[in-house]
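# Descriptive analysis of the structure
So you can see what is in the structure, the chains are spelled out below.
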Amino acid sequence: FRESAVGVFRLGDKAVRPLVDIIEGKDKELLAKAKEEKMNPAALVAKAAQVLGDLGSREAVPGLIKLLKYANADDLRAQYFVRMAAAASLGRLRAKEAVKPLQSMLGEEETMARQTYIRALFMIGDPSTASKLTGCASKDHWLLRDVCMYGLAMLSPAKDAKLFDGYEKNARKLFMKDCEEFGIFGEIDCVTEGKKDFETMKAAMKSYRKAVEVAGACGRGR
């Protein structure tokens, strides 16, 4: 993949349309070849989406936005792989058209997928995303809340550093729910052994608050 991706990149603009045809399912010959070689068609689509991000062509944006809804009920890993590749490329393309579709995906329950969507929104840089993240930073389990806080640390104006005071205040109560109901820390004694995990959570929130404060001091969100 790496060698062919570099080759396609060096071809430049002339490579864009054939790659767009792949993500839009129009290159029937190549898809048939992939099937013959027992290659997962989702991998072909995802890799084409990835290279389109390298090429930086606006022509790819509509097709990439459609891929955010790519569905494969029989192979959820493939589904996430394609959606995440499309999101990452839209972020690198700074595609403003993708802001609302990506924001609508912030409720994603797969942690790495949610983080990918948030990072894409950060790269696009739309300020409205920060307000969308405040809700998901205070619900669901810690792993999902954490990626929303991570997004807030990247996008929030300085005045929003105080949000993390509230998140930290509720952290102990939510920690027990994370441990007992969600079981995200594994098979541990939530009252005793789990204390170190709670301290890790507090440290993370402190670092996020500091990041917002420092970014504000440097001029963001004044």
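See the structure shown above.
Throughout what follows, the structure given in this document is the object of discussion. Just so it is clear, the model here is predicted, and its values are computed rather than measured. (Residues numbered from 1 in each chain as written. Predicted model: local features only at pLDDT ≥ 70, side-chain atom pairs only at ≥ 80, totals over all residues. Heavy atoms only, no water.)

This next bit is on the overall build of the protein chain. Summing up its helical and strand segments, the protein chain has twelve helices and zero strands in all. In sequence order, the secondary structure elements of the protein chain are arranged as α-α-α-α-α-α-α-α-α-α-α-α. By principal-axis analysis of the C-alpha atoms, the protein chain measures approximately 60 × 45 × 30 Å. Counting only residues that meet the buried cut, the protein chain has 45% of its 222 residues in that class. Within the protein chain, residue pairs in contact and separated by at least 24 positions form 66% of the contacts whose partners lie at least 6 positions apart. For the protein chain, the exposed area adds up to about 12300 Å²; of that, 54% sits on carbon and sulfur atoms. The positive charge centre, built from 38 side chains, and the negative charge centre, built from 31, are 6 Å apart in the protein chain. (Helix = DSSP H or I, 4+ residues; strand = E, 2+ residues; numbered from the N terminus. Buried < 20%, exposed > 50% of the residue type's maximum accessible area, 1.4 Å probe, protein only. Contact = heavy atoms within 4.5 Å. Areas by Shrake-Rupley, 256 points an atom, 1.4 Å probe, with all protein chains shown as cover. Lys, Arg positive; Asp, Glu negative; His and termini not counted. Charge placed at Lys NZ, Arg CZ, Asp CG, Glu CD.)

Quick look at the state of the cysteines now. Counting across every chain of the model gives two disulfides. The disulfide partner of Cys 136 is Cys 148, and the gap between their sulfur atoms is 2.0 Å. Across the disulfide from Cys 136 to Cys 148, rotation about the S-S bond amounts to roughly -115°, and the bridge is consequently left-handed. Here Cys 136 is found in helix H9 (residues 128-136), whereas its partner Cys 148 is found in helix H10 (residues 142-155), with twelve residues between them in sequence. In this structure, Cys 136 and Cys 148 share a single accessibility class: buried. The disulfide that involves Cys 179 links it to Cys 190, with 2.1 Å between the sulfurs. The sign of the -90° torsion about the S-S bond sets the Cys 179-Cys 190 disulfide as left-handed. Here Cys 179, found in helix H11 (residues 163-182), pairs with Cys 190, found in the loop between H11 and helix H12 (195-217); they are eleven residues apart in sequence, far enough to count as distant. Judged by relative accessible area, which is 5%, Cys 179 ranks as buried. According to the relative accessible area criterion, Cys 190 is buried, its value standing at 12%. (Disulfide = S-S within 2.5 Å.)

So, on to the nonpolar core. Leu 64, Leu 67 and Leu 102 are the most contacted members of the largest nonpolar core, which has 71 residues in total. If one sorts the elements of this core by residue count, helix H4 (residues 41-55) sits on top with nine residues. Filtering out sequence-adjacent residues up to four positions away, Leu 67 remains in contact with Ile 23, Val 45, Ala 49, Val 82, Arg 83 and Ala 86. (Core = buried A, V, L, I, M, F, W, Y, C linked by side-chain atoms within 4.5 Å.)

Attention shifts here to the side chain of Asp 146. Locating Asp 146 in the fold gives a position in helix H10. Within the structure, Asp 146 has its side chain in polar contact with the side chain of Tyr 208 (distance 2.8 Å). Residues in contact with Asp 146, not counting those within four places in the same chain, are Ala 204 and Tyr 208. (Polar contact = N/O pair within 3.5 Å; in protein donor to acceptor, adjacent residues only side chain to side chain.)

Let us now look at unusual backbone geometry. Even without being glycine, Lys 38 reaches a positive phi, approximately 60°. Tracing the chain through its elements places Lys 38 in the loop between helix H3 (28-36) and H4. What makes Lys 38 exposed here is its relative accessible area of 76%. Located in the positive-phi region is Asp 140, a residue other than glycine, with phi close to 65°. Mapped onto the fold, Asp 140 is located in the loop between H9 and H10. Look at Asp 140 and you get partly exposed, because its relative accessible area is 34%.

Moving on, we come to the pattern of salt bridges. Applying the stated criterion to the full structure yields 13 salt bridges. The partner of Lys 33 in a salt bridge is Glu 37, with the nearest N and O atoms 3.3 Å apart. Using a relative accessible area of 42% as the deciding quantity, one classes Lys 33 as partly exposed. Note that Glu 168 is salt-bridged to Arg 209, the shortest N-O span being 2.7 Å. (Salt bridge = Lys/Arg side-chain N within 4 Å of Asp/Glu carboxyl O.)

Glancing now at H4. An ideal rise of 1.5 Å per residue puts 21 Å on 15 residues; H4 measures up with 21 Å between its terminal C-alpha atoms. Within H4, eleven of the 15 residues are buried, which leaves the element mostly enclosed by the surrounding structure. Three or more residues of H4 are buried, namely Ala 42, Ala 43, Leu 44, Val 45, Ala 46, Ala 48, Ala 49, Val 51, Leu 52, Gly 53 and Leu 55. The secondary structure elements touched by the buried residues of H4 are helix H1 (2-11), helix H2 (16-23), H3, helix H5 (61-67) and helix H6 (76-92). (Expected span 1.5 Å × (residues − 1).)

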